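Below, each chain spelled out in residue letters.
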Amino acid sequence: MNLDYLWHGFAVALTPTNLLIGFVGAFLGTLIGALPAIGPINGIALLLPIAYTMGLPPESTMILLAGIYCGAEYGGRISSILLNVPGDAGAVMTALDGHPLAKQGRAGEALAISGLASFFGGTVGTIGLALFAPALAALAIGFGPAEYFVLMVFAFATLGSMVGSDPVKTLVGCTLGLMLATVGLDPTSGAYRYTFDEPELGDGIEFVVLVIGLFSISEAINILEHQSKGGEILKVAGRSLARLDDIRRCVWTAVRSSVIGFVVGVLPGTGASVASAISYMTEKRLNDRDGTFGKGDVRGLAAPEAANNATAAGAFVPMLTLGVPGSGTTAVMLGALMLYNIQPGPQLLTERPEIVGGLVASMFIGNLILLALNLPMVKIFARVLTLPNWILVPSILVLSVVGVYSTHSSVLSVLIMLGIGVVGWMLRKLDFEMAPIILGFVLGKVMEVNLRNALAISGGELSILWSSTISQVLWVMALTVAVAPWFLARRMKRLRAVEAKAESAGLPED
Amino acid sequence: MHGDHGATLRHGRIGAAALFVFALVFGWMGSRIEYSFSSDPLGPRTFPVALAVVLAGLAILNFVRPGRNEAWPRGATLVGAIALPALVAACALLLGPAGFLVAIFVMTAGSSRVFGASWPKAIVAGVLHAVGWYLLFAVLLEVQLPSGDLFKMLVKR
């Protein structure tokens, strides 16, 4: 296996500038994850336009955003354990055993165990990413337009059956995103679609405008509605080192959960909330002989933390090799690459190895930085739990306005962003999620172009969409995931209940 | 949170109906997209129209089973939910004429107030936000920010 890209990547990630950027990303990510109100996707949406306007090269922007993504998965555990309010949807399960431990006066230990589990999961996930990405890219290099189109269908089928409380609503979100992507100049025919003769819409809806509208304006109103009722923040008490005994008990849990997390992350569209729920339920079934799960069992704490960090790494696999994001957050990162006119796909690894390699290498380094930051400095990060909303939300609004305004220097784009945000908030009230819209939006152009190219090759013959073995396999996979929920009805119900719990608490998506 | 079941069911149905109408309008507009040539058999109309058909179908399913949805805000929360977007709009419109500092002050002071800060606190917070973010963006990160026509006029005098 050729891992040259990775060694090259370490050279990219270890330059002083990129090390600093990675450190800043990891630090900000932990803070963002620890804040009960916002999650990785909001943090990335807010900081992406600023990175872009500062003129950072694409690989540095990716390193910054990946640092935030991974950091937030570490930070999410802090509010779960100390406040019993998860920092993001991926940390819901962490509260189940983490908070009881903190109540027993073992908060320091709980934070240490979960920090180690996060490190383990993140590192296993990144190793998986480093090994798996070239293999998948090599496989996908044979994909023609027809195969790509079917791949997108598969991605939406997975999304519909795995994410959210209601498949119909998830698919509505995807469709809305695909529709938004059709706005603007159609390159093959020169037709302007849905531009209303507005020159600014000729290039389509700007990604930054859409993402900030959906993930920060609608989030700000959402925070207003779900203001926490002043739960008690537990002190970081007790010894702050993990007991060797506990670590030993968690080893196999962490191994299993990391693998589950990575696999779930690789599946398109499914994020940390699904992975942590599956791994928690698996460990409970395997190990809960004395009924200790839910009352402060260290394994119940290690499982979701190892899983959600492995998921973050796994989600990069399909995004970097196929151009199909593995989670809402990687969808935003894919959009970020598109800002630089880079369309991720199987060629990315060979054409821009510095981006893929730099990203993967920075995640190895980032996990070390995060472990070093999170073990000794957890008390400092815990302080942000007391940050009042009247300071946090105005700051989010400033970042939104500056982000949109600075990328386009246009007041109109700020107002469009605002309109999208308000509509997004209304959709959230009706229990629609925002992540599918972003996924639909970033996949929209690719999906249409590939469908049209495929039919141009075949002269309009639809059978090209299922003539090759690869596309047949993909159709079968798509049908399987679409039908699977009916067979796994009971398990899916439990999964959905977990997600619904995360959602009704007004938690940001992952 | 789900106080009035009938009302939330109705809200869900209104949402589904709105999606259906949107799908119709989108499909109708899509079928009228003008173009002179196309290098592929599908052309620019088919994909948008197909999406509209899919959305219309999903909207009908959603109408039949609206599923869960949340109660809409009332009272002070509703006022806040209207005030927040209004403050952002005000900030956007003030950026050009009044400049970054004033626009940011208005938005941050106002939104601090919405989130429960007292007026004196909100005003101090607004000043600190305006100055702090200006230093961060304009000085440290060298992002171009509008100084505002007002400020330019003052400097000219």
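Residues numbered from 1 in each chain as written. Chains lettered and ligands numbered in written order. Predicted model: local features only at pLDDT ≥ 70, side-chain atom pairs only at ≥ 80, totals over all residues. Heavy atoms only, no water.

1. Points about the overall build of chain B
And step 1. Secondary structure summary: chain B contains 6 helices and 0 strands in total.
And step 2. Its helices and strands taken in sequence order, chain B reads α-α-α-α-α-α from the N to the C terminus.
And step 3. For 157 residues, the compact-globule estimate of 2.2 N^0.38 gives 15 Å, and chain B exceeds it by more than 25% at 24 Å.
And step 4. By principal-axis analysis of the C-alpha atoms, chain B measures approximately 60 × 55 × 25 Å.
And step 5. By the burial criterion, 39% of the 157 residues in chain B qualify as buried.
And step 6. Across chain B, the centroid of the 12 positively charged side chains sits 10 Å from that of the 6 negatively charged ones. (Helix = DSSP H or I, 4+ residues; strand = E, 2+ residues; numbered from the N terminus. Rg over C-alpha atoms; globule rule 2.2 N^0.38 Å. Buried < 20%, exposed > 50% of the residue type's maximum accessible area, 1.4 Å probe, protein only. Lys, Arg positive; Asp, Glu negative; His and termini not counted. Charge placed at Lys NZ, Arg CZ, Asp CG, Glu CD.)

2. Focus: the overall build of chain A
And step 1. Scanning chain A for helices and strands turns up 21 helices and 2 strands.
And step 2. For chain A, the C-alpha radius of gyration of 22 Å lies close to 24 Å, the compact-globule estimate for 510 residues.
And step 3. Considered along the principal axes of its C-alpha atoms, chain A spans approximately 70 × 50 × 45 Å.
And step 4. Each of the 510 residues in chain A was classed as buried or not, and the buried ones make up 67%.
And step 5. The long-range fraction of contacts in chain A, counting pairs at least 24 apart against all pairs at least 6 apart in sequence, stands at 81%.
And step 6. Just so you have it, chain A exposes about 17,500 Å², and 66% of that area is on carbon and sulfur atoms.
And step 7. Distance from the positive charge centre (30 side chains) to the negative charge centre (34 side chains) of chain A: 14 Å. (Contact = heavy atoms within 4.5 Å. Areas by Shrake-Rupley, 256 points an atom, 1.4 Å probe, with all protein chains shown as cover.)

3. So, the packing of aromatic side chains
The description of two aromatic rings rests on the distance between their centres and on the angle between their planes.
And step 1. Here the structure, examined in full by the defined rule, presents 14 aromatic pairs over all chains.
And step 2. For the ring pair Phe23 of chain A and Phe27 of chain A, a centre distance of 6.5 Å and an interplane angle of 20° mean the geometry is stacked. Of the two residues, Phe23 of chain A and Phe27 of chain A both sit in helix α2 (residues 16-34), 4 residues apart, roughly one turn of that helix.
And step 3. Looking at Phe23 of chain A, the relative accessible area reads 38%, which means it is partly exposed.
And step 4. Geometrically, the ring pair formed by Trp425 of chain A and Trp72 of chain B is edge-to-face, given 5.6 Å between the ring centres and 85° between the ring planes. Of this pair, Trp425 of chain A sits in helix α18 (residues 411-429) while Trp72 of chain B sits in the loop between α2 (43-64) and α3 (75-98), each in a different chain.
And step 5. Owing to a relative accessible area of 7%, Trp425 of chain A belongs among the buried residues under this scheme.
And step 6. Among the residues examined, Trp72 of chain B registers a relative accessible area of 26% and is labelled partly exposed.
And step 7. The rings of Phe23, Phe27 and Phe381 of chain A are connected pair by pair, giving a single aromatic cluster.
And step 8. The aromatic ring of Phe432 of chain A is capped on one face by Lys169 of chain A, whose charged end is 5.6 Å from the ring centroid. (Phe/Tyr/Trp six-rings, centres within 6.5 Å; stacked < 30°, edge-to-face > 60°. Lys NZ or Arg CZ within 6 Å of the ring centre and 35° of its normal.)

4. Points about unusual backbone geometry
And step 1. Of note, Asn341 of chain A is a non-glycine position whose phi angle comes to about 60°, a positive value.
And step 2. In this structure, Asn341 of chain A sits in the loop between α13 (328-339) and α14 (348-351).

5. Considerations on the interface of chain A and chain B
And step 1. With 65 residues of chain A in contact, the opposing surface of chain B contributes 67 residues.
And step 2. In total, about 5,600 Å² of surface goes out of reach between chain A and chain B, with carbon and sulfur atoms giving 80% of it.
And step 3. For the chain A face of the interface with chain B, the top three residues by lost area are Met179, Tyr194 and Trp390 of chain A, together amounting to 13%.
And step 4. For the pair chain A and chain B, the interface holds 2 salt bridges. (Buried area = accessible area lost by both parts, 1.4 Å probe. Salt bridge = Lys/Arg side-chain N within 4 Å of Asp/Glu carboxyl O.)

6. Focus on a nonpolar patch on the surface
Residues and elements named next belong to chain B.
And step 1. A surface patch of nonpolar side chains, amounting to about 840 Å² of accessible area, comprises Leu101, Val102, Val106, Trp119, Ile123, Val127, Val131, Tyr134, Leu135 and Val139.
And step 2. Elements with a minimum of two residues in the nonpolar patch: α4 (100-114) and α5 (119-140).
And step 3. In terms of residue count, the dominant contributor to the nonpolar patch is α5 (7 residues).
And step 4. Along the chain, Val127 turns up in helix α5. (Patch = residues over 30% accessible without salt bridge, like charges linked within 9 Å, V, L, I, M, F, W, Y side chains within 5 Å.)

7. Points about helix α8 (residues 207-225) of chain A
Since there are 3.6 residues in each turn of an α-helix, residues three or four apart along the chain are aligned in direction.
All names here are of chain A.
And step 1. In a regular helix each residue adds 1.5 Å, so 19 residues correspond to 27 Å; α8 covers 27 Å between its end C-alpha atoms and thus fits that length.
And step 2. Roughly 35° is the biggest bend found in α8, and it falls at Gly213.
And step 3. The buried count for α8 comes to 19 of 19 residues, which makes it a mostly enclosed element. (Expected span 1.5 Å × (residues − 1). Bend = angle between axes of the 7 residues up to and from the residue.)

8. Things to note about the nonpolar core
And step 1. Tyr5, Ile78, Phe316, Met333 and Ile438 of chain A together with Met107 and Phe137 of chain B are the most contacted members of the largest nonpolar core, which has 204 residues in total.
And step 2. Counting residues per element, this core draws most heavily on helix α5 (residues 92-140) of chain A, which supplies 14 residues.
And step 3. Core analysis: the next-biggest nonpolar cluster, separate from the first, contains 5 residues, Val92, Ala277, Tyr280 and Phe293 of chain A among them. (Core = buried A, V, L, I, M, F, W, Y, C linked by side-chain atoms within 4.5 Å.)

9. Remarks on the packing of helix α17 (residues 389-408) of chain A against α3 of chain B
The relative placement of two packed helices is expressed as an angle between their axes plus a distance between the axes.
And step 1. Put simply, α17 of chain A and α3 of chain B touch, their axes get as near as 11 Å, and they point 40° apart. Looking at the two axes, α17 of chain A sits oblique to α3 of chain B. You can see that α17 of chain A and α3 of chain B cross each other, and the crossing is right-handed. Taking contact as the criterion, the partners of Leu397, Val401 and Tyr405 of chain A in α17 of chain A are, on α3 of chain B, Leu84, Val88, Cys91 and Leu95 of chain B.
And step 2. Of the residues belonging to the contact of α17 of chain A with α3 of chain B, the class tally is 7 nonpolar, no polar and no charged. (Axes fitted to C-alpha atoms, helices over the stretch in contact; angles between N-to-C directions. Parallel < 35°, antiparallel > 145°, perpendicular 65-115°, else oblique. Left-handed = near helix turned anticlockwise from the far one by under 90°. Nonpolar A, V, L, I, M, F, W, Y, C, P; charged D, E, K, R; others polar.)

10. Details of the pattern of salt bridges
Residue and element names in this part refer to chain A.
And step 1. Overall, the coordinates contain 18 salt bridges over all chains when judged by the stated rule.
And step 2. We note a salt bridge from Glu109 to Arg106, for which the minimum N-O separation is 3.2 Å. On the criterion of helical spacing, the pair formed by Glu109 and Arg106 is a turn pair, its members being 3 residues apart in helix α5.
And step 3. In this structure, the salt-bridge partner of Arg428 is Glu219, at a minimum N-O distance of 3.3 Å. Taken as a pair, Arg428 in helix α18 and Glu219 in helix α8 lie far apart in primary sequence, 209 residues in all.
And step 4. By relative accessible area, Arg428 is classed as buried at 14%.
And step 5. Residues joined in a network through salt bridges with shared partners are Arg106, Glu109, Arg243, Asp246, Arg249, Asp297 and Arg299.

11. Section: helix α6 (residues 145-162) of chain A
And step 1. Over its 18 residues, α6 of chain A runs 26 Å from end to end, which matches the ideal 26 Å to within 8%, given 1.5 Å per residue.
And step 2. With 16 of its 18 residues buried, α6 of chain A lies for the most part within the structure.

12. Re the side chain of Arg299 of chain A
All names here are of chain A.
And step 1. Here Arg299 is to be found in helix α11 (residues 298-314).
And step 2. Classification of Arg299 as buried rests on a relative accessible area of 13%.
And step 3. When near neighbours in sequence (up to four residues on either side) are disregarded, Arg299 contacts Arg249, Cys250, Thr253, Asn287, Thr292 and Phe293.

13. What to know about the confidence of the model for chain B
And step 1. Mean pLDDT over chain B stands at 88; residues scoring 70 or higher make up 94%.
And step 2. Confidence estimates for the predicted assembly give a pTM of 0.89 and an ipTM of 0.91. (pLDDT = per-residue confidence, 0-100.)

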